[in-house]
Amino acid sequence: MSRIDDERRTVRLMIRLYCRRKEGNCRLCGGCRALAEYAEERLSRCRFGERKPTCRLCKVHCYRTDMRLKMKEVMRYSGPRMIFYHPVIAMRHLVREMLKR
């Protein structure tokens, strides 16, 4: 699996976790679906490609302001909970982030 595909999967899971647990939806709501699609588009156009750092450590903020704020909200909620719902993915993400510092 490529680095970008791995990031896509992680973001998708975080958005799904947020929408389900925080907003109480069984399926992705329109706002979360739009955010997921936007994130996938941005990842597919990432100028760093396979050398991409985690978004938090990236020097280039490629999200529109409204989407960046929503993604921050999603990540603040989902990030700490990922260890319980998707522990392998969470640990992989943390290790990659620590190695890039």
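Counting starts from 1 at the beginning of each chain's written sequence and moves along it residue by residue. At least 70 in pLDDT is required for a residue's local features to be given in this predicted model, at least 80 for side-chain atom pairs to be given and counted, and no such filter applies to totals for whole chains, interfaces and linings, which use all residues. The basis for the side-chain values is all heavy atoms of the structure; hydrogens and waters are excluded.

K.L.:
Provide a residue-level description of the overall build of the chain, including the pertinent values.
P.N.:
By definition, any uninterrupted DSSP run of H or I lasting at least four residues is a helix, any uninterrupted run of E lasting at least two residues is a strand, and each is numbered from the N terminus. Counting its secondary structure elements, the chain contains 4 helices and 0 strands. Secondary structure elements of the chain, listed N to C terminal, follow the sequence α-α-α-α. Along the first, second and third principal axes, the C-alpha atoms of the chain reach 35 × 30 × 20 Å. Buried means the residue's accessible area, taken with a 1.4 Å probe over protein chains only, is under 20% of the maximum for its type, while exposed means over 50%, and partly exposed covers the values in between. Here the chain holds 101 residues, and 33% of them are scored as buried. The criterion used for residue contact is that any of the two residues' heavy atoms lie within 4.5 Å. Long-range contacts, defined as pairs at least 24 residues apart, comprise 71% of the intrachain contacts of the chain with a sequence gap of at least 6. Under the convention used here, a 1.4 Å probe and the Shrake-Rupley method define accessible areas, while residue burial counts only the protein chains that appear. By element, 53% of the accessible surface of the chain is carried by carbon and sulfur atoms, the whole surface being about 6,700 Å². When charges are counted, Lys and Arg are positive and Asp and Glu negative, with His and the chain ends excluded. Charge coordinates come from a single atom per side chain, which is NZ of Lys, CZ of Arg, CG of Asp or CD of Glu. With 27 positive and 11 negative side-chain charges, the chain shows a spacing of 4 Å between the two charge centroids.

K.L.:
Lay out the nonpolar core in plain terms, naming residues and giving numbers.
P.N.:
Membership of the largest hydrophobic core comes to 22 residues, with the highest contact counts inside it found for Val11, Ile15, Leu35, Tyr63, Met71, Val74 and Met82. When residues of this core are traced back to their parent elements, those giving at least two are α1 (3–22), α2 (30–44), α3 (65–85) and α4 (87–100). Sorting elements by how many residues they give to this core places α1 first, with 8 residues. Apart from the residues within four sequence positions on either side, Tyr63 is in contact with Tyr38, Ala39, Arg42, Arg68 and Met71. For our purposes a nonpolar core is just a set of buried Ala, Val, Leu, Ile, Met, Phe, Trp, Tyr and Cys residues, chained together by side-chain atoms within 4.5 Å.

K.L.:
Can you tell me about α1, naming the residues and giving the values?
P.N.:
For the α-helix, the turn length of 3.6 residues means that residues three or four positions removed from each other point alike. The first and last C-alpha atoms of α1 sit 28 Å apart over 20 residues, in line with the 28 Å expected at 1.5 Å per residue. Phi for Gly24, located one or two positions after α1, is positive at around 75°. The span one expects for a helix is its residue count, reduced by one, times 1.5 Å.

K.L.:
Outline the packing of α1 against α3, supporting the account with residue identities and numerical values.
P.N.:
Relative orientation of the contacting elements α1 and α3 amounts to 95°, with a least axis distance of 8 Å. By the angle between their axes, α1 is roughly perpendicular relative to α3. Residues Thr10, Val11, Leu13, Met14, Ile15, Leu17, Tyr18, Arg21 and Lys22 of α1 form the contact with α3, whose own contacting residues are Lys70, Met71, Glu73, Val74, Met75, Tyr77, Ser78, Gly79, Arg81, Met82 and Tyr85. Axes, fitted as lines to C-alpha atoms, cover a helix only where it is in contact. Angles between the N-to-C directions of the axes lie from 0 to 180 degrees. Under this scheme an angle from 65 to 115 degrees is roughly perpendicular, one under 35 degrees roughly parallel, and one over 145 degrees roughly antiparallel; angles in between are oblique.

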